[in-house]
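Chain residues, written in single-letter form:
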Amino acid sequence: MPDLALLAIAFGVIPLAAILLYNLRSIVLNRREAAWGLLAGVVAFLGLSHAMAAVLGNHPLFGDAWAATAVSLLGLLTGAGIAWLLLEGPFIKEAPNRIVWASAAFVGVHSLGDGLVLGRSFLGGFSVVPVGPVSAAATIAHRFVEGCLIIVPALWASWKPKAALPALFVGLAAIPAAYLPGSIYGAYGPSSLGIALQIGIPTFVAAMESTLGLLLLVRALLPMAAADHGRQGLVWTAVGYVAISLIHFLVE
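Remember, it's a predicted structure, so these values are computed and weren't measured experimentally.

A. Molecular detail of the overall build of the protein chain. For the protein chain, the helix and strand inventory stands at ten helices and zero strands. The secondary structure elements of the protein chain, listed N-terminal to C-terminal, are α-α-α-α-α-α-α-α-α-α. A compact globule built from 252 residues should have a C-alpha radius of gyration of about 18 Å, and the protein chain, at 18 Å, falls within 12% of that. Sorting the 252 residues of the protein chain into buried and exposed places 46% on the buried side. Partitioning the contacts of the protein chain with sequence separation of at least 6, the portion at a separation of at least 24 is 85%. Accessible surface, the protein chain as shown: approximately 12000 Å² in total, 74% of it carbon and sulfur.

B. Seen up close, unusual backbone geometry. Phi angles above zero are rare outside glycine, and Ser158 is one such case at about 65 degrees. If you trace the backbone, Ser158 turns up in the loop between α6 (133–156) and α7 (161–167). Judged by relative accessible area, which is 57%, Ser158 ranks as exposed.

C. Just the nonpolar core, in detail. Trp36, Ile151, Trp159 and Leu221 are the most contacted members of the largest nonpolar core, which totals 51 residues. Breaking this core down by element, the ones donating at least two residues are α3 (32–62), α4 (65–87), α5 (95–120), α6, α7, α9 (192–225) and α10 (232–251). Beyond its immediate chain neighbours, meaning those up to four positions away, Trp159 contacts Tyr22, Asn97, Val100, Trp101, Ala154, Ala164 and Ala167. Leu7, Ala8, Ala174 and Ala178 belong to the second largest nonpolar core, which has eight residues in total.

D. Just the side chain of Ser72, in detail. Mapped onto the secondary structure, Ser72 falls in helix α4. Engagement of the side chain of Ser72 in a polar contact is seen with the side chain of His59, the distance being 2.7 Å.

E. View of α10. For α10, built from 20 residues, the straight-helix expectation of 28 Å at 1.5 Å per residue is met to within 8% by its first-to-last C-alpha distance of 29 Å. Those residues of α10 lying buried are Gly233, Thr237, Gly240, Ile244, Ser245, Ile247 and His248. Projection of α10 onto a plane perpendicular to its axis shows the buried side chains occupying an angular sector of 160 degrees, all on one side. Exposed residues lying more than 90 degrees from the buried face of α10 are Val235, Val242 and Phe249. Buried residues belonging to α10 abut α3, α6 and α9.

F. Main features of the packing of α3 against α9. Orientation of α3 relative to α9, taken along the N-to-C sense of each, is 155 degrees, at an axis distance of 8 Å. Judged by the angle between their axes, α3 and α9 are roughly antiparallel. Seen from above, α3 lies across α9 with left-handed handedness.

G. Quick look at the pattern of salt bridges. All chains considered together, the criterion is met by three salt bridges. A salt bridge links Arg219 to Glu88; the shortest N-O distance between them is 2.3 Å. Of the two residues, Arg219 is situated in helix α9 and Glu88 in the loop between α4 and α5; the sequence distance between them amounts to 131 residues. We classify Arg219 as partly exposed; its relative accessible area is 47%. Overall, Glu88 belongs to the partly exposed group, its relative accessible area being 34%. Arg143 is paired through a salt bridge with Glu146; the nearest N and O atoms lie 2.5 Å apart. Here Arg143 pairs with Glu146, and both are found in helix α6, just three residues apart, close to one helical turn. Given the relative accessible area of 0%, Arg143 is considered buried.

So, how was this worked out
Residues numbered from 1 in each chain as written. Predicted model: local features only at pLDDT ≥ 70, side-chain atom pairs only at ≥ 80, totals over all residues. Heavy atoms only, no water. Helix = DSSP H or I, 4+ residues; strand = E, 2+ residues; numbered from the N terminus. Rg over C-alpha atoms; globule rule 2.2 N^0.38 Å. Buried < 20%, exposed > 50% of the residue type's maximum accessible area, 1.4 Å probe, protein only. Contact = heavy atoms within 4.5 Å. Areas by Shrake-Rupley, 256 points an atom, 1.4 Å probe, with all protein chains shown as cover. Core = buried A, V, L, I, M, F, W, Y, C linked by side-chain atoms within 4.5 Å. Polar contact = N/O pair within 3.5 Å; in protein donor to acceptor, adjacent residues only side chain to side chain. Expected span 1.5 Å × (residues − 1). Arc of directions from axis to C-beta. Axes fitted to C-alpha atoms, helices over the stretch in contact; angles between N-to-C directions. Parallel < 35°, antiparallel > 145°, perpendicular 65-115°, else oblique. Left-handed = near helix turned anticlockwise from the far one by under 90°. Salt bridge = Lys/Arg side-chain N within 4 Å of Asp/Glu carboxyl O.

What follows is the structure in structure tokens.
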């Protein structure tokens, strides 16, 4: 049986490996449409398809349509607010830096969601996570790509590796999040409050990820991919979407 601590740490630290992308700086910077198109496709899947599917899938589990709607709406508004503050707010002056921090926020929120899913799979004292060579490789690729969501904008913003590396630490949010479902179960068990928390927190996080990803996509990633007015950005966006979808087919 896989150990929760080992899997949680792996989920948290794998994105740090994306710092190696600095060794490919010239390739990334010279292939704008490909680099940004791939990121756009990845965020389109993670932030829109995957996250919103989780929100909608959790709705019937609430047992109360009004409560489900309220939690989801609060998450959507929170994600939109964070995206607006980072991409349009007065706190970050230069546009390239805004994209880096918005991307880091997205990866952080997504990491919270990944950790919650991982921790929930260990409820009851055993794991239902399939661990094999294929699923392990897909998980590594999945988390590495999420780190690239931060490093590619950092390269374009001319961040040095020493500045970009701390931004990757947002991926460590998966570690404490993995222990949250077990802590809730230990405190409240299968009570109505415990069940509400087990459903409500992941739903809120997924909804927040959805609007944060949406605004990051339309305000930053797609415009960057299409800046040269060519068609390759559209093609690479589709490639990124299909590729990250395939990775999830192998993991889930």
